[in-house]
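As a plain string of letters, each chain reads:
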Amino acid sequence: MSTKETIMSRIRKLGIPHEYHEHAPAHTMADCLALPYAAPDVTFCKNLLLCNTPKTAFYLYVTTPDKAFRTGDVSKRLGSSRLSFAPPECLTDMLHLQSGSLSPLGLWFDEEQRIRLAFDKDVQREGRIAFHPCDNTATVLFDQRVFWEKVVPALGHEPIFI
């Protein structure tokens, strides 16, 4: 079963209400924001896998697409030494996905709990929230309340809000 199929199977098995859309590969935030169901009530997220220099601390940082990423600011808020982007092989090895498909949903594959989940507080809004199911040829939309009350707890990673 593909990573996308595994993610969607888990969502269905948990009975989590969602919308599912397949589409051409969306490689950038601009691609995501151009999708036909992108609407004012849908929050698309920028997802970054970060690590410290010795690669002993990993963070999946979820923020809004309009926010600039400043390494020093995020590192300070997470209480970690200067963070940088994790090498691409970490995406494959730890989360079973490729660059451009990063999503909190991939944390279902992080059974060793090596990655801390960190959300920018501005991601919590009214309406819906959208993520790739670890494959940038599809998008899953959740009602914000469903995401925070059902999906996040099911990921098994206690979130940090910054």
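Residues numbered from 1 in each chain as written. Predicted model: local features only at pLDDT ≥ 70, side-chain atom pairs only at ≥ 80, totals over all residues. Heavy atoms only, no water.

**Q** Just to check I follow, could you spell out the overall build of the protein for this structure?
**A** For the protein, the count of helices and strands is 5 helices and 9 strands. Order of helices (α) and strands (β) in the protein, N terminus to C terminus: α-β-α-β-β-β-α-β-α-β-β-β-α-β. The C-alpha radius of gyration computed for the protein amounts to 15 Å, which stays within 12% of the reference 15 Å derived for 162 residues, consistent with globular compactness. Across its three principal directions, the C-alpha atoms of the protein cover 40 × 35 × 30 Å. The 162 residues of the protein split such that 50% are buried. Once local pairs closer than 6 in sequence are excluded, the contacts in the protein between residues at least 24 apart make up 64%. Per element, the accessible surface of the protein, about 8200 Å² overall, is 50% carbon and sulfur. The protein carries 18 positive and 19 negative side-chain charges, and their two centres are separated by 5 Å. (Helix = DSSP H or I, 4+ residues; strand = E, 2+ residues; numbered from the N terminus. Rg over C-alpha atoms; globule rule 2.2 N^0.38 Å. Buried < 20%, exposed > 50% of the residue type's maximum accessible area, 1.4 Å probe, protein only. Contact = heavy atoms within 4.5 Å. Areas by Shrake-Rupley, 256 points an atom, 1.4 Å probe, with all protein chains shown as cover. Lys, Arg positive; Asp, Glu negative; His and termini not counted. Charge placed at Lys NZ, Arg CZ, Asp CG, Glu CD.)

**Q** Looking at this structure, how should I read the side chain of Asn 52?
**A** Note on placement: Asn 52 falls in the loop between β3 (46-51) and β4 (58-63). Of note is the side chain of Asn 52, whose polar atom sits 2.8 Å from the backbone nitrogen of Thr 56. Ignoring sequence-local partners within four residues, the contact set of Asn 52 consists of Ala 57, Ser 80, Ser 81, Arg 82 and Leu 83. (Polar contact = N/O pair within 3.5 Å; in protein donor to acceptor, adjacent residues only side chain to side chain.)

**Q** Just to check I follow, could you spell out the pattern of salt bridges for this structure?
**A** A side chain with one charge may pair with a side chain of the opposite charge, provided their charged atoms come close. Following the criterion strictly, the structure yields 9 salt bridges and no others. One salt bridge connects Glu 149 with Arg 145, and the closest N-O pair in it is separated by 3.9 Å. Of this pair, Glu 149 and Arg 145 both sit in helix α5 (residues 144-155), separated by 4 residues, roughly a single helical turn. Exposure class is identical for Glu 149 and Arg 145. Each is exposed. Each of Lys 67, Asp 120, Lys 121 and Asp 122 takes part in salt bridges that share partners, so that together they form one network. (Salt bridge = Lys/Arg side-chain N within 4 Å of Asp/Glu carboxyl O.)

**Q** Which parts of the structure should I look at to understand the sheet that holds strand β8 (residues 138-143)?
**A** Across a sheet, paired strands are connected by hydrogen bonds in the backbone, their directions being either parallel or antiparallel. Taking strand neighbours across the sheet as the criterion, the 4 strands line up as β1-β8-β7-β2 in an open arrangement whose pairing is mixed. Looking along the sheet, the strands with just one partner apiece sit at the ends: β1 (19-22) and β2 (42-44). The average angle at which neighbouring strand axes cross in this sheet is 25°, direction not considered. Sheet topology note: the β1/β8 ladder contains 4 bridges and is antiparallel. Across the sheet, Glu 19 pairs through a bridge with Leu 141, a residue of β8. Helix-sheet contacts for helix α1 (residues 3-13) involve β1 and β8, and the interaxial angle to β8 is about 20°. Contacting β2, β7 (128-131) and β8, α5 runs over the sheet at an angle of about 90° to β8. (Pairing = 2+ DSSP bridges. Axes fitted to C-alpha atoms, helices over the stretch in contact; angles between N-to-C directions.)

**Q** Is there a simple way to explain helix α4 (residues 88-95) in this structure?
**A** For α4, the full list of buried residues reads Cys 90, Leu 91, Met 94 and Leu 95. Buried residues along α4 cover an arc of 105° about the axis, so they all sit on one side. In this structure, α4 carries Pro 88 and Asp 93 as exposed residues pointing more than 90 degrees from its buried face. Residues of α4 that are buried sit in contact with β3, β4 and β6 (115-119). One or two positions beyond α4, positive phi appears at His 96, with a value near 60°. (Arc of directions from axis to C-beta.)

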